[in-house]
Amino acid sequence: EAQVTQNPRYLITVTGKKLTVTCSQNMNHEYMSWYRQDPGLGLRQIYYSMNVEVTDKGDVPEGYKVSRKEKRNFPLILESPSPNQTSLYFCASSPPLQGSLYNEQFFGPGTRLTVL
Amino acid sequence: EDKVVQSPLSLVVHEGDTVTLNCSYEVTNFRSLLWYKQEKKAPTFLFMLTSSGIEKKSGRLSSILDKKELSSILNITATQTGDSAIYLCAVIQGAQKLVFGQGTRLTINP
């Protein structure tokens, strides 16, 4: 089954304790992205990756790191989490851009993170 | 600053009504506009709009883009309780950077 998986789905942690949220897709997509969703703010893009070893900042990259060493994986790293990073996080992937067409993004199930 | 604004933010209607959701945008290097439906989980794709004036339809849902007005509408006719969700509009900017609106929370009462 074609899907984007995220782990963990729920996480409660404390300020300053490094954590990684994994994201993996089995559709051979080149484009992957991380979003956070907060009430009243919609989804905001944190980082995106056009391909292996190519990453770019989205609108809210501060406090986050990503890596894209393999096509299928795009982990999100919080080196020193703070309470303002409490949010619902989504990973997404899509096929590569083809001319002027763009294909839909497939979203993972989400990771609810609470930083105390 | 690039932004996508949706209106209304919240809407409550009765089953069978027709609703129109709005999305306006101000972004540099616009590529396409996307609509998503989000229930109690991840967003699911509805439409992608790239050309102005061409309506996309899927059952009771339809959407159209107006690049002159920098806006799009999503119409839902004969609404059902299963249409209750948050509807998200997003704009693809440049090389696949996405900017989302705040979303419209639609509630359909029986």
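Scroll up for the structure.
The rules we used
Sequence order as written defines residue numbering, which begins from 1 separately in each chain. As they are written, the chains are lettered A onward and the ligands numbered 1 onward, keeping that order. Note on the predicted model: pLDDT of at least 70 is required for a residue's local features to be given, and 80 or more for side-chain atom pairs to be given and counted; whole-chain, interface and lining totals, by contrast, use all residues. Here the side-chain values reflect all heavy atoms present in the structure, with hydrogen atoms and water set aside. By definition, disulfides here are pairs of cysteine sulfur atoms that lie within 2.5 Å. In this description a helix means any DSSP run of H or I spanning at least four residues, a strand means any run of E spanning at least two, and both kinds are numbered starting from the N terminus. Relative accessibility thresholds used throughout: buried, under 20% of the residue-type maximum; exposed, over 50%; partly exposed, between the two (1.4 Å probe, protein chains only). In this analysis, rings of Phe, Tyr and Trp, with Trp reduced to its six-membered ring, are considered paired at centre separations within 6.5 Å, and the interplanar angle assigns stacked below 30 degrees, edge-to-face beyond 60, and tilted for intermediate values. Pairing between strands is defined by DSSP: at least two bridges between the two strands are required. Here an angle of 0 to 180 degrees is reported between the N-to-C directions of two axes, which are lines fitted to C-alpha atoms, with helices fitted over the stretch in contact. Each reported salt bridge corresponds to a side-chain nitrogen of Lys or Arg within 4 Å of a carboxyl oxygen of Asp or Glu. Residues enter patches when their relative accessible area tops 30% and they take part in no salt bridge; the joining distance is 9 Å for like charges and 5 Å for the nonpolar side chains Val, Leu, Ile, Met, Phe, Trp and Tyr. Computed by Shrake-Rupley with a 1.4 Å probe, the accessible areas treat only the displayed protein chains as cover when residues are assessed.

A. Seen up close, the state of the cysteines. In total, this model carries two disulfides over all chains according to the counting rule given. Here A:C23 connects covalently by a disulfide to A:C91, the sulfurs 1.8 Å from one another. One quick way to see it: the torsion about the S-S bond of A:C23 and A:C91 is about -70°, and its sign makes the bridge left-handed. Taken as a pair, A:C23 in strand β3 (residues 19-25) and A:C91 in strand β9 (residues 87-94) lie far apart in primary sequence, 68 residues in all. Looking at A:C23, the relative accessible area reads 2%, which means it is buried. Covalent S-S linkage joins B:C23 and B:C89, the inter-sulfur distance amounting to 1.9 Å.

B. Representation of the packing of aromatic side chains in the model. If you walk through the whole model with that rule in mind, you get nine aromatic pairs over all chains. A centroid spacing of 6.2 Å and a plane angle of 85° characterise the contact between A:F90 and A:F107, whose relative ring orientation is edge-to-face. Here A:F107 lies in strand β10 (residues 106-107) and A:F90 lies in strand β9, a separation of 17 residues in the sequence. Judged by centre distance (5.4 Å) and plane angle (85°), the ring pair of A:F107 and B:Y36 falls under edge-to-face.

C. Representation of the sheet that holds strand β1 (residues 3-7) of chain B within the structure. Residue and element names in this part refer to chain B. In spatial order, the strands read β1-β3-β8-β7-β6; together these five strands make up an open sheet with antiparallel pairing. Taken across any chain shown, the strands that pair with only one partner, and hence form the sheet edges, are β1 and β6 (56-58). Here the strands of the sheet are splayed against their neighbours by 15° on average, with no regard to which way each runs. In the sheet, β6 pairs with strand β7 (residues 61-66) via three bridges, with the strands oriented antiparallel.

D. The pattern of salt bridges, seen in detail. All names here are of chain A. What the rule picks out here adds up to seven salt bridges over all chains. Notably, a salt bridge pairs R44 with D38, separated by 2.8 Å at the nearest N-O pair. Under the relative-accessibility criterion, R44 is labelled partly exposed at 25%. Several salt bridges converge on common partners, so that one network encompasses K18, K65 and E79.

E. Summary view of a nonpolar patch on the surface. Residue and element names in this part refer to chain A. Judged by side-chain polarity, I12, V14 and L116 come together as a nonpolar surface patch covering roughly 320 Å² of accessible area. The residue V14 is located in the loop between β2 (10-13) and β3 in this model. For V14, a relative accessible area of 44% gives the class partly exposed.

Read these as spatial facts, not as claims about activity.
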